[in-house]
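Chain residues, written in single-letter form:
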Amino acid sequence: MSMVSLLASLVMAGAGCVAFAAIAVTVRAQLPAVRRLLADSRALAADREFLVQITAITAPAAPRIAVRPRRAPVRLVRPVQASAGPRWRAAA
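Please read all numbers here as calculations on a predicted model, not as lab measurements.

Novice: Would you mind going over the overall build of the protein chain in detail, with residue names and values included?
Specialist: A count of helices and strands for the protein chain gives one helix and zero strands. Surface summary for the protein chain: the accessible area is close to 9,900 Å², and the carbon and sulfur share equals 67%.

Here it is, written out as structure tokens:
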């Protein structure tokens, strides 16, 4: 094995170690942020459960005094009169 290949192998191994160290430092620096995100997630889940409990309990509905039948909707569009022929012709 030549000296150049040994040197190239050591450079590649060193680069891998530096990359691994950079990943470890980044993860360690972001641990407080990850912990805050997990705490927020737990708090939001507790809030959702609380809101479900509040909205699940309903008071009995008041009785209706009188139920009126619905009228048919008023038609605002007038029917189109039949014309002798088409107004617009298709382009040839």
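Novice: So what about helix H1 (residues 3-56)? Which residues, and what values?
Specialist: Between the first and last C-alpha of H1 there are 76 Å, a value that for 54 residues agrees with the 80 Å anticipated at 1.5 Å per step. At Leu 31, H1 shows its maximal bend, which comes to roughly 45 degrees, and the proline Pro 32 appears one to four places after that position.

Novice: Tell me about a nonpolar patch on the surface, and please be specific about residues and values.
Specialist: Taken together, the side chains of Met 3, Leu 6 and Leu 10 make up a nonpolar region of the molecular surface, amounting to roughly 330 Å² of accessible area. Among the secondary structure elements, Leu 10 is positioned in helix H1.

Rules of the game
- Residues numbered from 1 in each chain as written.
- Predicted model: local features only at pLDDT ≥ 70, side-chain atom pairs only at ≥ 80, totals over all residues.
- Heavy atoms only, no water.
- Helix = DSSP H or I, 4+ residues; strand = E, 2+ residues; numbered from the N terminus.
- Areas by Shrake-Rupley, 256 points an atom, 1.4 Å probe, with all protein chains shown as cover.
- Expected span 1.5 Å × (residues − 1).
- Bend = angle between axes of the 7 residues up to and from the residue.
- Patch = residues over 30% accessible without salt bridge, like charges linked within 9 Å, V, L, I, M, F, W, Y side chains within 5 Å.
- Salt bridge = Lys/Arg side-chain N within 4 Å of Asp/Glu carboxyl O.

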